[in-house]
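# Fold and contact review
Each chain, written out:
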Amino acid sequence: MQRSSLKADLLMVLTAAIWGSTFVAQQLGMDGVGPFTYTGARMLLGVALIAPLWRWRGGPFASLPVQPSQGLWGAGLLLGLVLFCAINLQQVGLLGTSVSNAGFITGLYVVLVPVLLRLGGTHITRQAWIAVALATAGLYFLSVKPDAGIAAGDWLQLGGALLWAVHVLLVGRLTRRHDPLRLSVLQYLVAGLLSLAVALAQESITWSGLEQAAGAIAWGGLLSIGVAYTLQAIVQRDALASHAAVIYSSEGLFSALGGWLVLNEQIGLRGWSGAALLLAAMLLAQWRFKPTTAA
């Protein structure tokens, strides 16, 4: 079975770590600006960072020459629309839940991927359905409090997780047909402009608020968008999808660690038990058992 190289594995761990840590920046950024303003600003900052790669492919990008293709703009628009919906459900959801919950629930996309494949006609194994059951139990213990309440933000995060699953499937398919760096520029541009349009219509944008959120916007734009999502588009094109998904699932661990270290969030035994079930589900959903043969 083909395995990702050590270099690709380390890049995917770096991607997951940046994604997980960005939940803290997303939370802190909304102390100064609204959720759509934050998303629009970080997306457009990410575009500015990687826009030169539309044509220039020197230095570390010399091994990724431009790949002309038909339908690039349509693919970028589709990916951007999905990204706009997914990331803003996540961002708005953070107003009503914790960073640790957001990170773990978002990670459910790893389990939701086989469900979407089944709806598309692909056969799903019993192993995958067991993973879905484990994830459901984990989500209950993580998000449903002892008084049977569930935070409104958790529902938005769950909706976002579904769209992240769609995004992962689209990235895997479209980066094999189109230039991954150009596709990245287009999806960030679409998601950023749509977010900015909603922000201008619904939120109050001030210079003082932007200055207050500048550090969080820089972290979310330069690292999460400019670096991590672009790494995803590059690495996922060649890496074994199941292997990549297992590594990406560590995003939830990094978000919980960030919430604990920076925001002093307490998860508790119940929450960590649910998180363990979610991680078990993510790993089981992507694990590939080697077939055995009779002696």
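The following refers to the structure shown. Along every chain, residues carry numbers that run from 1 in the direction the sequence is written. Where totals are concerned, whole chains, interfaces and linings use all residues; where local detail is concerned, this predicted model gives features only for residues with pLDDT of at least 70, and gives and counts side-chain atom pairs only at 80 or more. Side-chain numbers here rest on the full set of heavy atoms in the structure, without hydrogens or water.

### Quick notes on the nonpolar core
Residue types Ala, Val, Leu, Ile, Met, Phe, Trp, Tyr and Cys, when buried and joined through side-chain atoms within 4.5 Å, form a set referred to as a nonpolar core. Each residue gets one of three labels from its accessible area relative to the maximum for its type: buried under 20%, exposed over 50%, partly exposed in between, using a 1.4 Å probe on protein chains only. With 40 residues, the main nonpolar core has Met43, Leu83, Ile87, Tyr109, Trp164, Tyr188 and Tyr229 as its most contacted residues. Among the elements of the structure, helix 1 (6–29), helix 2 (35–50), helix 3 (72–93), helix 5 (109–119), helix 7 (152–174), helix 8 (180–202) and helix 10 (214–238) are those that each provide at least two residues to this core. We count a stretch as a helix when DSSP gives it H or I for four or more residues in a row; a strand needs E for two or more, and each element gets its number in order from the N terminus. Considering every element that reaches this core, the biggest residue donor is helix 3, with eight residues. The contact criterion used throughout is that any non-hydrogen atoms of two residues lie within 4.5 Å. For tryptophan 164, the residues in contact, after removing those within four places along its chain, are Leu83, Ala86, Ile87, Gln90, Thr106, Tyr109 and Tyr229. Residues Leu108, Ala135, Leu278 and Ala281 belong to the second largest nonpolar core, which totals 12 residues.

### Comments concerning the pattern of salt bridges
By definition here, a salt bridge exists when the distance from a side-chain nitrogen of Lys or Arg to a carboxyl oxygen of Asp or Glu is within 4 Å. Per the counting criterion, the structure on display carries one salt bridge. A salt bridge links arginine 57 to aspartate 179; the shortest N-O distance between them is 2.7 Å. Of this pair, arginine 57 sits in the loop between helix 2 and helix 3 while aspartate 179 sits in the loop between helix 7 and helix 8, and the two are 122 residues apart along the sequence. Each member of the pair, arginine 57 together with aspartate 179, is buried.

### A look at the packing of helix 3 against helix 7
Axis definition: a line fit to C-alpha positions, over the contact stretch in the case of helices; interaxial angles, taken between N-to-C directions, run 0 to 180 degrees. Contact pair helix 3 / helix 7: the axes reach a minimum separation of 8 Å and the direction vectors enclose 155°. Between helix 3 and helix 7, the angle falls in the class roughly antiparallel. Seen from above, helix 3 lies across helix 7 with left-handed handedness. Residue-level contacts link Ala75, Leu78, Leu79, Val82, Leu83, Cys85, Ala86, Ile87, Leu89, Gln90, Val92 and Gly93 of helix 3 to Gly153, Leu156, Gln157, Gly159, Gly160, Leu163, Trp164, Val166, His167, Leu170, Val171 and Leu174 of helix 7. Small angles under 35 degrees read as roughly parallel and large ones over 145 as roughly antiparallel, with 65 to 115 read as roughly perpendicular and the rest as oblique. Put simply, a crossing is left-handed when the front helix is turned counterclockwise from the back one by less than a right angle, and right-handed when it is turned clockwise.

### What to know about a nonpolar patch on the surface
Like charges within 9 Å and nonpolar side chains (Val, Leu, Ile, Met, Phe, Trp, Tyr) within 5 Å are joined into patches, using only residues over 30% in relative accessible area that form no salt bridge. Throughout, the Shrake-Rupley method with a 1.4 Å probe supplies accessible areas, and for residues the shown protein chains are the sole cover considered. A surface patch of nonpolar side chains, amounting to about 500 Å² of accessible area, comprises Leu28, Leu257, Trp260, Leu261 and Val262. The dominant element in the nonpolar patch, judged by the number of residues it contributes, is helix 12 (residues 251–262), at four residues. Note that tryptophan 260 resides in helix 12. Residue classification places tryptophan 260 among the partly exposed residues on the basis of a relative accessible area of 49%.

### Considerations on the side chain of histidine 178
Locating histidine 178 in the fold gives a position in the loop between helix 7 and helix 8. The class of histidine 178 is buried, set by a relative accessible area of 5%. The definition of a polar contact used here is a pair of N or O atoms within 3.5 Å, where within protein one atom must be able to donate a hydrogen and the other to accept one, and adjacent residues in sequence count solely through side-chain atom pairs. A polar contact of 2.8 Å, which involves the side chain of histidine 178, links it to the side chain of serine 69. Residues within four places of histidine 178 in sequence aside, it is in contact with Gln67, Ser69, Gln70, Gly71, Leu72 and Ala75.

### Considering the environment of alanine 102
Residue placement: alanine 102 occurs in helix 4 (residues 99–106). In this structure alanine 102 comes out as buried when scored by relative accessible area, which is 0%. Spatially, the C-alpha atom of alanine 102 lies 9.3 Å from that of glutamine 91, the residues being 11 residues apart in sequence. Setting aside residues up to four positions removed in sequence, alanine 102 forms contacts with Phe23, Leu94, Thr97 and Gln157.

Function cannot be inferred from these measures alone, as they are strictly geometric.
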